[in-house]
Amino acid sequence: MIVVAGGTGTLGARLVPLLADQGLAVRVLTRDADRAQHLSRLGIEVACGDVRDPASLAGAAPTPSSPLYTASPGPVAFRPQR
């Protein structure tokens, strides 16, 4: 399972269908499920969550084999807690 954070953004929206076309299992992590409806229609799994909220990731990406982060950090760079 490849979990793509930022799968509805500029890069992710182009990458996710390409991965799915290769026959790979793909799940998109998005903060806004409405923006991912077109991906659901393609058979791509959609999970709601936010990389800035670790609790939301537990259900969205419990055991991804290949996580990809394609989202931009936005106006304030995200720094994971250690």
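Preceding block: the structure.
Structure report, in brief. Just so it is clear, the structure is predicted and the values come from calculations on it, not from any experiment.

**Focus on the overall build of the protein**
Item 1. Each helix and strand in the protein was counted, giving 3 helices and 4 strands.
Item 2. Along the chain direction, N to C, the helices and strands of the protein fall in the order β-α-β-α-β-α-β.
Item 3. A total of 82 residues make up the protein; the buried ones form 30% of that total.
Item 4. For the protein, restricting intrachain contacts to residue pairs at least 6 apart in sequence, the fraction spanning at least 24 positions comes to 49%.

**Considering the side chain of Thr8**
Item 1. Structurally, Thr8 is set in the loop between strand E1 (2-5) and helix H1 (12-21).
Item 2. For Thr8, a relative accessible area of 14% corresponds to the buried category.

**A short note on the side chain of Thr30**
Item 1. Note that Thr30 resides in strand E2 (residues 26-30).
Item 2. Using a relative accessible area of 4% as the deciding quantity, one classes Thr30 as buried.
Item 3. In this structure the side chain of Thr30 is engaged in a polar contact, spanning 3.1 Å, whose partner is the backbone nitrogen of Asp32.
Item 4. Beyond its immediate chain neighbours, meaning those up to four positions away, Thr30 contacts Thr8, Ala36, Val46, Ala47, Cys48 and Gly49.

Thresholds, definitions, all that
Residues numbered from 1 in each chain as written. Predicted model: local features only at pLDDT ≥ 70, side-chain atom pairs only at ≥ 80, totals over all residues. Heavy atoms only, no water. Helix = DSSP H or I, 4+ residues; strand = E, 2+ residues; numbered from the N terminus. Buried < 20%, exposed > 50% of the residue type's maximum accessible area, 1.4 Å probe, protein only. Contact = heavy atoms within 4.5 Å. Polar contact = N/O pair within 3.5 Å; in protein donor to acceptor, adjacent residues only side chain to side chain.

Just distances and angles here, no functional claims.
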